[in-house]
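Chain residues, written in single-letter form:
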Amino acid sequence: MPMDKERVGTFYDVVWTEYVPEYEASEKHWALFFSPAEVAGKAVLDAGCGTGIFSIIFARNGAASVTGIDISPGSLETATGLKEKFGLANARFERRDMLHLPYPDAAFDIVWAWGTVHHTIDPFGAMTELFRVLKPGGAILLAIYKKTKVTWIHEAIRRTLIRTPRWSWNVLARLMAFFLAPVVFFFKKREKSRKGEKLSELILDWYFVPIRHYYTPGEIRTFLEGKGFAVENYLAHSGRFDSSSNFIFKARKPA
Ligand SMILES: C[S@@+](CC[C@H](N)C(=O)[O-])C[C@H]1O[C@@H](n2cnc3c(N)ncnc32)[C@H](O)[C@@H]1O
């Protein structure tokens, strides 16, 4: 595996393996885009499943099969533990790179990629690969970091922090969370974030991750529509702040 990708996998092994967002809050988030009726009997790919919460949600909402893939073995281990805890036979987790999937064309009815393609070395390549494995008429969900006027500030902070020694990351993130907590509280106008997401864990994800790309919703819409996809649902922010948030597209592949 190329070095950069290796670093992303190792990063999520170190910082996120213990982190499982709260089930009910995540399911409410999921329900903004999918329903049990739409999912029943379907084959789902959760691309960059992390610790697997959305795979579990699809599996418990009637999917025939859910394949959660990730490059972080630690996250996959946590996801497998979660599957066992819920006693689910219709979910499986595999270590795969979403840039080179071993699945045939049109293998899945639904592809879910929440907060993941922007952490690959080639987000448009990753999306193209996800489009390939999606059936004609199938639905894809993409949650992607938004490029805003202040993105350069986030990037300046991230590029500085990723140079600090790894042993200090948890301490630094907790310190930053301590100082940022009142600001977050003050500006918390809308609560779209999944509950259970700890500020220090979000800070690790924002500011210490080795690869992070940002896009405007227009760039992704143009890409989707250029491939013939029809946008069915668009949410401008997934989180508390526009400047550190994902925007989300649910789009349908031409039949
Ligand atoms: C921010 S986490 C999101 C996890 C999960 N989707 C969620 O919302 O809880 C991003 C995940 O993408 C995974 N990832 C990054 N690059 C990847 C790649 N090339 N192939 C598969 N997974 C990848 C990371 O290992 C990490 O688990």
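**Q** Sorry if this is basic, but what is going on with the overall build of the protein chain here?
**A** What the protein chain contains, in helices and strands, is 10 helices and 7 strands. Going through the 255 residues of the protein chain one by one, you find that 55% of them count as buried. Restricting to contacts in the protein chain with at least 6 residues of sequence separation, those with at least 24 account for 77%. As displayed, the protein chain offers around 11400 Å² of accessible surface, 59% of which is attributable to carbon and sulfur atoms.

**Q** Help me out: how do you make sense of the side chain of Glu94 in this one?
**A** Note on placement: Glu94 falls in strand S3 (residues 91-95). On the basis of relative accessibility, which here comes to 15%, the residue Glu94 falls in the buried class. Here Arg92 takes part through its side chain, which lies 2.7 Å from a polar atom of the side chain of Glu94.

**Q** What's the story with the site of the ligand in this structure? I'm lost.
**A** Close contacts around the ligand come from 20 residues, with Gly48, Asp70, Asp97, Met98 and Trp114 the closest. In this structure, a nitrogen atom belonging to the ligand sits 2.8 Å away from a side-chain N or O atom of Asp97. Protein coverage of the free-state accessible area of the ligand, which is 600 Å², stands at 98%. Residue composition of the shell around the ligand, grouped by class: 8 nonpolar, 7 polar and 5 charged.

**Q** Would you mind showing me how to read helix H10 (residues 217-226) here?
**A** Working note: α-helix, 3.6 residues per turn, so residues spaced by three or four point in the same direction. Three or more residues of H10 are buried, namely Pro217, Ile220, Phe223 and Leu224. Mapping the buried residues of H10 onto a view down its axis gives an arc of 130°, with all of them on the same face. In this structure, H10 carries Thr222 and Gly226 as exposed residues pointing more than 90 degrees from its buried face. Against helix H6 (123-133), strand S5 (134-145), strand S6 (230-235) and strand S7 (246-252) lie the buried residues of H10. Within two residues after H10, Gly228 carries a phi angle of roughly 90°, on the positive side.

**Q** So what exactly am I meant to see when it comes to the pattern of salt bridges here?
**A** Oppositely charged side chains can pair when the atoms bearing their charge come close. Counting across every chain of the model gives 13 salt bridges. Two residues, Asp105 and Arg132, come together in a salt bridge whose shortest N-O distance is 2.7 Å. Separated by 27 residues along the polypeptide, Asp105 in the loop between S3 and strand S4 (108-114) and Arg132 in helix H6 bring together distant segments of the chain. Salt bridges here are not isolated pairs; linked through shared partners, they connect Glu38, Glu232, Lys250 and Arg252.

**Q** Would you explain the packing of helix H4 (residues 53-60) against helix H5 (residues 73-86) in this entry?
**A** Packed helix pairs are characterised by how far apart their axes lie and by the angle those axes make with each other. The geometry of H4 relative to H5 is characterised by a closest axis approach of 9 Å and an angle of 30° between their N-to-C directions. Judged by the angle between their axes, H4 and H5 are roughly parallel. Taken as a pair, H4 and H5 cross one another with a handedness that is right-handed. Residues Ile53, Ile56 and Arg60 of H4 form the contact with H5, whose own contacting residues are Leu82, Lys83 and Phe86.

**Q** Explanation requested: a nonpolar patch on the surface in the structure shown.
**A** Judged by side-chain polarity, Val150, Trp152, Ile153 and Ile157 come together as a nonpolar surface patch covering roughly 360 Å² of accessible area. Topologically, Val150 is positioned in the loop between S5 and helix H7 (151-161).

**Q** Just checking my understanding: could you explain the packing of aromatic side chains for this structure?
**A** The relation between two aromatic rings is expressed through the spacing of the ring centres and the mutual angle of the planes. Counted according to the given criterion, the structure contains 21 aromatic pairs. Taken together through their ring pairs, the aromatic side chains of Trp30, Phe33, Phe34, Phe54, Phe58, Trp112 and Trp114 make up a single cluster. For Arg212, the ring lying beneath its charged end belongs to Tyr145, and the centroid distance is 3.7 Å.

Conventions used here
- Residues numbered from 1 in each chain as written.
- Predicted model: local features only at pLDDT ≥ 70, side-chain atom pairs only at ≥ 80, totals over all residues.
- Heavy atoms only, no water.
- Helix = DSSP H or I, 4+ residues; strand = E, 2+ residues; numbered from the N terminus.
- Buried < 20%, exposed > 50% of the residue type's maximum accessible area, 1.4 Å probe, protein only.
- Contact = heavy atoms within 4.5 Å.
- Areas by Shrake-Rupley, 256 points an atom, 1.4 Å probe, with all protein chains shown as cover.
- Polar contact = N/O pair within 3.5 Å; in protein donor to acceptor, adjacent residues only side chain to side chain.
- Near = heavy atom within 4 Å.
- Nonpolar A, V, L, I, M, F, W, Y, C, P; charged D, E, K, R; others polar.
- Arc of directions from axis to C-beta.
- Salt bridge = Lys/Arg side-chain N within 4 Å of Asp/Glu carboxyl O.
- Axes fitted to C-alpha atoms, helices over the stretch in contact; angles between N-to-C directions.
- Parallel < 35°, antiparallel > 145°, perpendicular 65-115°, else oblique.
- Left-handed = near helix turned anticlockwise from the far one by under 90°.
- Patch = residues over 30% accessible without salt bridge, like charges linked within 9 Å, V, L, I, M, F, W, Y side chains within 5 Å.
- Phe/Tyr/Trp six-rings, centres within 6.5 Å; stacked < 30°, edge-to-face > 60°.
- Lys NZ or Arg CZ within 6 Å of the ring centre and 35° of its normal.

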